[in-house]
Amino acid sequence: MAKKDKASVRRAVHTRIRRRVRGSAQRPRLAIFRSLNHIYAQVIDDERAVTIASASTVEKDLRGSTGGNLEAAQRVGRAIAERALAAGVEQVVFDRGGFRFHGRIKALTDAAREAGLNKNERAEEEEAAGGEGAEAAA
């Protein structure tokens, strides 16, 4: 088997993910891309091929000392959630873009959830966690 570089492995994983993850008008896709120095997020309706909202560390108001850290990812997550909610989007499908779900990707999605995206999903997780805790105590 030939050795593959990180970029080609990520592209293959991203292609595999995109076969299943589709954004619709009711639940658009939150696509995330990270580079070494920046992180980008877009809310996309794949049925109409339209970007509903976007945010990145390249923007002047979201730029900090650097765009390649957890704090910057959290700023972008809060911004994309505010912009999506302003556009009338409350539920999204997360597309991690072939990146592992940790670090800056996780920080961005957690910040977006805390800012109001996918409220129902958050409530279901808390109920499930609360139910497990009650069963363990019994």
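Described below are features of the structure shown in this document. (Residues numbered from 1 in each chain as written. Predicted model: local features only at pLDDT ≥ 70, side-chain atom pairs only at ≥ 80, totals over all residues. Heavy atoms only, no water.)

**Quick notes on the overall build of the protein chain**
Part 1 of the reasoning: Assigned secondary structure in the protein chain consists of four helices and four strands.
Part 2 of the reasoning: Helices (α) and strands (β) of the protein chain occur, in sequence order from the N terminus, as α-β-β-β-α-β-α-α.
Part 3 of the reasoning: Within the protein chain, counting contacts between residues at least 6 apart in sequence, those at least 24 apart form 60% of the total.
Part 4 of the reasoning: For the protein chain, the accessible surface area stands at approximately 8600 Å², while carbon and sulfur atoms represent 49% of it. (Helix = DSSP H or I, 4+ residues; strand = E, 2+ residues; numbered from the N terminus. Contact = heavy atoms within 4.5 Å. Areas by Shrake-Rupley, 256 points an atom, 1.4 Å probe, with all protein chains shown as cover.)

**A word on the sheet that holds strand S1 (residues 29-34)**
By definition, the strands of a sheet pair up through backbone hydrogen bonds, in either a parallel or an antiparallel sense.
Part 1 of the reasoning: The mixed open sheet is built from four strands, whose spatial order is S3-S2-S1-S4. Among the strands making up the open sheet, the edge pair consists of strand S3 (50-56) and strand S4 (93-95). The average undirected angle you get between the axes of adjacent strands in this sheet is 20 degrees.
Part 2 of the reasoning: As judged from the six bridges shared by strand S2 (residues 39-45) and S3, these two strands associate in the antiparallel manner. From the neighbouring strand, Val43 faces S3, where its bridge partner is Ala53.
Part 3 of the reasoning: Seen against the sheet, helix H2 (residues 70-86) touches S1, S2 and S3 and runs at an angle of roughly 150 degrees to S3. (Pairing = 2+ DSSP bridges. Axes fitted to C-alpha atoms, helices over the stretch in contact; angles between N-to-C directions.)

**Things to note about the pairing of S1**
Part 1 of the reasoning: Sheet topology note: the S1/S2 ladder contains six bridges and is antiparallel. Residue Phe33 lies in a different strand from S2, and its bridge partner there is Tyr40.
Part 2 of the reasoning: Counted between consecutive antiparallel strands, the loop separating S1 from S2 contains four residues.
Part 3 of the reasoning: The sheet contact formed by S1 and S4 spans three bridges and is parallel. Of the residues in S4, the one forming a bridge with Arg29 is Val93.

**Some words on unusual backbone geometry**
Both trends apply: most residues other than glycine have a negative phi, and most peptide bonds are in trans.
Part 1 of the reasoning: Look at Ala49: it is not a glycine, yet its phi comes out positive at around 55 degrees.
Part 2 of the reasoning: Along the chain, Ala49 turns up in the loop between S2 and S3.

**A short note on the nonpolar core**
Part 1 of the reasoning: Within the largest apolar cluster, 23 residues are counted, with the highest numbers of intra-cluster contacts made by Leu30, Val43, Val76, Ile80, Val92, Leu108 and Leu117.
Part 2 of the reasoning: Listing elements by their share of this core, those giving two or more residues are S1, S2, S3, H2 and helix H3 (104-114).
Part 3 of the reasoning: Considering every element that reaches this core, the biggest residue donor is H2, with six residues.
Part 4 of the reasoning: Ignoring sequence-local partners within four residues, the contact set of Leu30 consists of Ala41, Gln42, Val43, Ile80, Val92, Val93, Phe94, Asp95 and Leu117. (Core = buried A, V, L, I, M, F, W, Y, C linked by side-chain atoms within 4.5 Å. Buried < 20%, exposed > 50% of the residue type's maximum accessible area, 1.4 Å probe, protein only.)

**Considerations on the environment of His38**
Part 1 of the reasoning: Among the structural elements, His38 can be located in the loop between S1 and S2.
Part 2 of the reasoning: Classification of His38 by relative accessible area gives partly exposed; the value is 25%.
Part 3 of the reasoning: Separated by 31 residues in sequence, His38 and Asn69 place their C-alpha atoms 8.3 Å apart.
Part 4 of the reasoning: Those residues in contact with His38 that sit more than four places away from it in its chain are Thr57, Val58, Gly67 and Arg104.

**What about a nonpolar patch on the surface?**
Part 1 of the reasoning: Taken together, the side chains of Phe33, Tyr40 and Val58 make up a nonpolar region of the molecular surface, amounting to roughly 240 Å² of accessible area.
Part 2 of the reasoning: Within the secondary structure layout, Tyr40 lies in strand S2. (Patch = residues over 30% accessible without salt bridge, like charges linked within 9 Å, V, L, I, M, F, W, Y side chains within 5 Å. Salt bridge = Lys/Arg side-chain N within 4 Å of Asp/Glu carboxyl O.)

**A word on H2**
Part 1 of the reasoning: Taking 1.5 Å as the rise per residue, H2 with 17 residues should run 24 Å; its terminal C-alpha atoms sit 24 Å apart, in good agreement.
Part 2 of the reasoning: Within H2 the residues assigned to the buried category are Ala72, Ala73, Arg75, Val76, Gly77, Ala79, Ile80, Ala81 and Ala84.
Part 3 of the reasoning: Buried positions along H2 lie against S1, S2, S3 and H3.
Part 4 of the reasoning: Positive backbone phi, at 90 degrees, marks Gly88, one or two positions downstream of H2. (Expected span 1.5 Å × (residues − 1).)

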